[in-house]
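Analysis of the macromolecular model
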Amino acid sequence: MVELKLQHIYKTYNKDIQAVNNFNLDIKDKEFIVLVGPSGCGKSTLLRLLAGLEDLSQGQIIMDGQYMNDVSPKDRDVAFVFQNYALYPHMNVYQNMAFGLKSRKFPKDEIDRRIKNAAQILNIEEHLDRKPKALSGGQCQRVALGRAIVRDAKLFLMDEPLSNLDTKLRTQMRSEIIKLHQRLQTTTIYVTHDQTEAMTMATRLVVMNNGKIQQVGVPKEVYDKP
Ligand code: ADP
Ligand code: ADP
C-alpha cells in the first residue's frame, strides 16, 4: 500500500533552470501513472526527486504520511528502472539482483528466495550466471526489472525503460510490464515518449510541460480532448 502526495514541488538547477515548477499530484495505491511531455519538461528530474537522487528546491513529497525530504535514497521504499539498464558490468545477473538487498543487509536465504522468484517471473532463470555483456537488450531490461522486483518496493519509477529495444521486443516487454503490474499491483510512475505505451499502460496519464502538469486524466480523456 502506498499513498503519495507531491505538493508544490520545485527544482531549480544552477539558480535559473526551472526543471520542475510547482508540480502537484496525489497518487493512489496501485496506480500506473504514465508521465509524458516534450524533452526537457522535467520528467526525469521528477523521478530523481522521488527517488531522492536530487534534493528538492521547494515543496514536499509525502509517502504514506511520511515527509521524504530528508530520507536518503537507500531508505526510500522506491525502486528505479533506468533507460540504459544501469547494470553493474562486472557482476553476473544474480549479483546484480542481489546488490540492492545486500546493501540493505537482507539475509542470504531471503535474497536467494527473492531472486529465484523474480527470475522465474521474468524468465531469466537460465541466465543468472551470465554477465550483462553476454545478454541481449531485452534480457538486460528484464534484469533491471528483476532488480526492482526483488526489492519489493512500494513504488516503481521507470524512466523510458523500453526505448532502447527494437519494436518487436518493445511490444513484448510492454505487455510483460502490464502483466507484472497486474500481478504485483505495485504503484508505478512510468516515463515514456511512446503514445502506444501511454494508451495501453496508464491507469492515469499525466502530460507535463515546462515543469508542471498540463493535463491529467485517463488516457482516452486526455488524447480525445481537442
Ligand atoms: P525530461 O526528462 O522531461 O527530458 P529533464 O528532467 O531531464 O527533462 O530536464 C528538465 C530541465 O532541467 C532541462 O532544461 C534540463 O536541461 C535541465 N537539467 C536536467 N538535469 C540537470 C542538471 N543535472 N543540471 C542542470 N540542468 C539540468
Ligand atoms: P559473495 O558476495 O558472498 O561472494 P555472491 O554474490 O557471489 O556472494 O553469491 C551469494 C550467494 O548466492 C552464493 O553463496 C550462492 O549460493 C548464491 N548464488 C550466486 N550466484 C548464483 C547463481 N547464479 N545461481 C544461484 N545461486 C547463486
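An unreviewed UniProt entry lists the protein chain under the name sn-glycerol-3-phosphate ABC transporter ATP-binding protein UgpC, with Lysinibacillus composti as the source organism.

Attention now goes to helix α5 (residues 167-184). When the terminal C-alpha atoms of α5 are compared, their 25 Å separation across 18 residues agrees well with the 26 Å that a helix rising 1.5 Å per residue should span. Of all the residues in α5, the buried ones are Met173, Arg174, Ile177, Leu180 and His181. Mapping the buried residues of α5 onto a view down its axis gives an arc of 125°, with all of them on the same face. Relative to its buried face, α5 has exposed residues pointing more than 90 degrees away, namely Lys168, Lys179, Gln182 and Arg183. Those residues of α5 that are buried are in contact with β3 (32-36), α3 (108-122), α4 (137-151), β8 (187-191) and α6 (195-201). Once α5 finishes, Gln185 follows within two positions and takes phi at roughly 55°, a positive value.

The local shell around ligand 2 consists of Tyr94, Gln95, Lys102, Lys108, Asp112, Lys116, Leu128 and Asp129. Side-chain polar atom of Gln95 to an oxygen atom of ligand 2: 3.3 Å apart, as the coordinates give it. Asp129 is positioned such that a nitrogen or oxygen atom in its side chain is 2.4 Å from a nitrogen atom of ligand 2. Here ligand 2 has 560 Å² of accessible area as a free molecule, and 51% of this is covered by the chains. If you list the elements that add at least two residues to the shell around ligand 2, you get α2 (93-102) and α3.

A few words now on the packing of aromatic side chains. For the coordinates displayed, the defined rule picks out three aromatic pairs. The interplanar angle of 40° and the centroid separation of 5.5 Å between the aromatic rings of Phe32 and Tyr190 together place this pair among those described as tilted. Highlighted residues: Phe32 in strand β3 and Tyr190 in strand β8, separated in sequence by 158 residues. For Tyr190, a relative accessible area of 0% puts it in the buried group. Plain terms: the ring middles of Phe80 and Phe82 are 4.2 Å apart, the flat faces sit at 5° to each other, and that makes the pair stacked. Residue classification places Phe80 among the buried positions, given a relative accessible area of 15%.

All right, on to the environment of Gly42 then. Assignment of secondary structure puts Gly42 in the loop between β3 and α1 (43-51). What makes Gly42 buried here is its relative accessible area of 7%. Residues Gly42 and Gln120, spaced 78 residues apart in sequence, show a C-alpha to C-alpha distance of 35 Å. Gly42 has contacts with Ala19, Val20 and Met208, leaving out every residue within four places of it along the chain.

Once that is clear, we can look at the packing of α4 against α5. Two elements in contact, α4 and α5, have axes whose closest approach is 11 Å; the angle formed by their N-to-C orientations is 15°. Comparing their axes, α5 and α4 come out roughly parallel. Note on packing geometry: the crossing formed by α4 with α5 is right-handed. Residue-level contacts link Gly138, Gln141, Arg142, Leu145 and Ile149 of α4 to Leu169, Gln172, Met173, Glu176, Ile177, Leu180 and Leu184 of α5. Each residue belonging to the contact of α4 with α5 can be placed in one class, and the counts come to seven nonpolar, three polar and two charged.

A word on the side chain of His127. Inspection of the secondary structure puts His127 in the loop between α3 and α4. If sequence neighbours within four positions are ignored, His127 has contacts with Val93, Leu135 and Gln139.

Turning our eyes to something else, we now look at the pairing of strand β4 (residues 58-63). Here strand β1 (residues 4-13) runs beside β4; their pairing, made up of five bridges, is antiparallel. When the sheet's bridge partners are listed, Leu6 is paired in β4 with Ile61. Taken together, the two bridges between β4 and strand β5 (residues 66-67) define a ladder with antiparallel strand orientation. If you follow Met63 over to β5, its bridge partner there is Gln66. Connecting β4 to the next strand, β5, in antiparallel fashion are two residues, including Asp64 with a positive phi near 45°.

A word on the confidence of the model for the protein chain. Summary statistics for the protein chain give a mean pLDDT of 94 and a share of 100% for residues scoring 70 or more. Complex prediction metrics read pTM 0.88 and ipTM 0.72.

Conventions and cut-offs
- Residues numbered from 1 in each chain as written.
- Chains lettered and ligands numbered in written order.
- Predicted model: local features only at pLDDT ≥ 70, side-chain atom pairs only at ≥ 80, totals over all residues.
- Heavy atoms only, no water.
- Helix = DSSP H or I, 4+ residues; strand = E, 2+ residues; numbered from the N terminus.
- Expected span 1.5 Å × (residues − 1).
- Buried < 20%, exposed > 50% of the residue type's maximum accessible area, 1.4 Å probe, protein only.
- Arc of directions from axis to C-beta.
- Contact = heavy atoms within 4.5 Å.
- Near = heavy atom within 4 Å.
- Polar contact = N/O pair within 3.5 Å; in protein donor to acceptor, adjacent residues only side chain to side chain.
- Areas by Shrake-Rupley, 256 points an atom, 1.4 Å probe, with all protein chains shown as cover.
- Phe/Tyr/Trp six-rings, centres within 6.5 Å; stacked < 30°, edge-to-face > 60°.
- Axes fitted to C-alpha atoms, helices over the stretch in contact; angles between N-to-C directions.
- Parallel < 35°, antiparallel > 145°, perpendicular 65-115°, else oblique.
- Left-handed = near helix turned anticlockwise from the far one by under 90°.
- Nonpolar A, V, L, I, M, F, W, Y, C, P; charged D, E, K, R; others polar.
- Pairing = 2+ DSSP bridges.
- pLDDT = per-residue confidence, 0-100.

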